[in-house]
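Next come the chains, spelled out residue by residue.
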Amino acid sequence: MAAILGGGLGGLSTGYYLLKNNITNNSNLKLFLVEATDYCGGWIKSIKTRDYIFEQGPRTIRPRGITGLNTLNMLQDLGLSEHISYIKPDHPAARNRMIYVNNTLYSLPSSLKGVFQKNEPFSKPLIYAALNDLKQPQKELKDDSIYNFVERRFGKEVADYAISPMICGICAGDAKEISVKFLMKTLFEYEQSYGGVVKGVMKSMFKPKNEETLELGELAKRAQEEKWNIYTIKGGLDTFPLVMKQYLKDNDVDIHLNTKVEEIEFIDSSMVQLKKSNGETISASHVYSSVPSHILAKLISKQHPQLSQLLSETPFVTVGIVNLYFATEKPLIEPAFGFLVPPIENSPILGVVFDSCCIPDQNGTVLTVMLGGRWFNEKFGSDVTKDRLLEIAVKEIKSILKIEDKVTAYNVGILDKCIPQYIIGHYDRVDRIRDYIQNKNLPISLVGSSYDGVGINDVIYSAKTQVEKDVTK
Ligand SMILES: Cc1cc2nc3c(=O)[nH]c(=O)nc-3n(C[C@H](O)[C@H](O)[C@H](O)COP(=O)(O)OP(=O)(O)OC[C@H]3O[C@@H](n4cnc5c(N)ncnc54)[C@H](O)[C@@H]3O)c2cc1C
């Protein structure tokens, strides 16, 4: 029997790929999944009504790159192709992404032409950033913060107004702490190997590419041909985990909801015991852990304190989410994806997504305000109420977007420790964690957002890679 710990997207995808690799048929292995709550999907949660959808966690998925195309293959296989709602490059949600600086909303350049023009709040056309890179000397480093790297290569304005808000949007984190390898591994390698990013781009043009390949299904091919920018699932993103859970059930995976694991004990290289909160024990030959690393650290701490220490070193941030619905005939916002607020603005909010522009079938204006993240405790304290977050979000919306209408409906969530932070040294630490597991021959594999990427695509791809590695062992 193989156990999957956690029923978020990481755990569900692991089950999906174990089935796809015929693990149950070839090895006669029974699969079971244990989930602490009464729901499978983890942070993916949608509130659906006739007039609006509130996404409490993730809302859109990127179709690009090998990880993005792989998710589309999975969606097609699960029969969800017809449920996808995508945004093409000429849609305002693709073209108009804004930042809020000095009490003003500015659109970021979205085309090559824009790079040659001066766009406020930048004091010069962004092409100057490339010239800056050519002038700067190389700095030899093993890792660096993404902020330092971008400031060194492209200048302070790019670091403050482009990269810092982007990091807030992706992981609610501080670009001054997040590893450059999180988003710019290749560019950092160019600097380290060739002395600069532009030099690296030029030299790499003449080198044979050694990229991973993937066989594409119809849906992925279509997304590539039509250059989809982002997509979501009609009727709410939670359809994705719901359908995946059903797929696992239909293929005889035992799903145990409301089953919290409190301790993991490794007996030998092919036997592990999961101790449940009700005192019962489940025995398995292997466990796939998809729970956040800070939780896994506690589960294995008695037997493996050193591994526990390494796992607990990845910090997590708390995010406040305020979904707002205004039942108005005319949209209250200009068509755009939304805006982000650079941390130097010292605002209580991280940004706002204009859901009614990117998610279909909404009758009115729907917005989601994100608050806190890396700065949650210093801005709001640890015992802030949902009412207080709502008050702050509405005040900011009024002031920034000049919305005077009364909110028709809302939802507030405080998502405790919901996003891992890939700070400087993260990738090295994950290698050490996996080396420890391998050296001690522990029957455990690590999946989920704590290790190989924080987005939906990364989590699914990480499950695929891990399972394929294990079945070929
Ligand atoms: C606010 C927010 C917005 C986001 N927006 C986007 C977006 O727009 N696009 C995108 O691509 N990504 C986005 N993400 C990231 C995406 O949601 C995650 O990558 C993904 O949901 C992580 O899935 P996971 O399975 O690794 O973890 P989780 O979703 O955390 O699942 C872990 C599961 O383990 C269970 N569990 C925990 N402890 C135990 C235990 N002891 N015993 C049994 N079960 C346990 C939990 O209940 C949970 O169900 C967002 C994340 C957040 C928080």
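All figures in this text were calculated on a predicted structure; none of them were measured in a lab.

## As for the sheet that holds strand E10 (residues 261–268)
Move 1: With respect to topology, 3 strands assemble into an open sheet ordered E10-E11-E12, the strand pairing being antiparallel. Strands with a single pairing partner mark the edges of an open sheet, and in this sheet they are E10 and strand E12 (281–284). Geometrically, the sheet is characterised by an average inter-axis angle of 20° between neighbouring strands, direction not taken into account.
Move 2: Direction of pairing for strand E11 (residues 271–276) relative to E12: antiparallel, over a ladder of 4 bridges. Paired with Lys275 across the two strands is Thr281, which belongs to E12.

## So, the pattern of salt bridges
Move 1: The tally for this structure, following the rule as stated, stands at 17 salt bridges.
Move 2: Taking the shortest distance from any N to any O, the salt bridge between Asp144 and Arg152 comes out at 2.7 Å.
Move 3: Among the residues examined, Asp144 registers a relative accessible area of 7% and is labelled buried.
Move 4: Owing to a relative accessible area of 14%, Arg152 belongs among the buried residues under this scheme.
Move 5: Glu177 is the partner of Arg374 in a salt bridge, and the nearest nitrogen-oxygen pair spans 2.8 Å. Taken together, the positions of Arg374 in the loop between strand E17 (365–373) and helix H16 (376–380) and Glu177 in the loop between helix H8 (156–171) and helix H9 (181–194) put the pair 197 residues apart, joining distant regions of the chain.
Move 6: Overall, Arg374 belongs to the partly exposed group, its relative accessible area being 30%.
Move 7: Owing to a relative accessible area of 27%, Glu177 belongs among the partly exposed residues under this scheme.
Move 8: Overlapping salt bridges bring together Asp133, Asp144, Arg152, Arg153 and Glu191 as one network.

## Side note on the domain arrangement of the chain
Much of the literature gives interface size as the accessible area that the parts lose upon coming together.
Move 1: As assigned here, the chain comprises domain 1 (2–38 + 238–314 + 423–471) and domain 2 (108–205).
Move 2: Domain 1 puts 6 residues into the contact, and the matching count from domain 2 is 10 residues.
Move 3: Summing both partners gives a buried area of about 620 Å² for domain 1 against domain 2, and 68% of it is carried by carbon and sulfur.
Move 4: Summed over the three residues of domain 1 that lose the most area to domain 2, namely Ile423, Ile424 and Tyr427, the buried surface amounts to 73% of that side.
Move 5: Counting across the domain 1 and domain 2 interface gives 2 residue pairs in polar contact (both at pLDDT 80 or more).
Move 6: The residue inventory of the side of domain 1 that touches domain 2, partitioned by class, reads 4 nonpolar, 2 polar and no charged.

## Observations regarding helix H17 (residues 386–401)
For the α-helix, the turn length of 3.6 residues means that residues three or four positions removed from each other point alike.
Move 1: The first and last C-alpha atoms of H17 sit 22 Å apart over 16 residues, in line with the 22 Å expected at 1.5 Å per residue.
Move 2: Taken from the residues just after H17, Lys402 is the one with a positive phi, measuring 55°.

Criteria and cut-off values
Residues numbered from 1 in each chain as written. Predicted model: local features only at pLDDT ≥ 70, side-chain atom pairs only at ≥ 80, totals over all residues. Heavy atoms only, no water. Pairing = 2+ DSSP bridges. Helix = DSSP H or I, 4+ residues; strand = E, 2+ residues; numbered from the N terminus. Axes fitted to C-alpha atoms, helices over the stretch in contact; angles between N-to-C directions. Salt bridge = Lys/Arg side-chain N within 4 Å of Asp/Glu carboxyl O. Buried < 20%, exposed > 50% of the residue type's maximum accessible area, 1.4 Å probe, protein only. Domains from an automatic or database assignment. Contact = heavy atoms within 4.5 Å. Buried area = accessible area lost by both parts, 1.4 Å probe. Polar contact = N/O pair within 3.5 Å; in protein donor to acceptor, adjacent residues only side chain to side chain. Nonpolar A, V, L, I, M, F, W, Y, C, P; charged D, E, K, R; others polar. Expected span 1.5 Å × (residues − 1).

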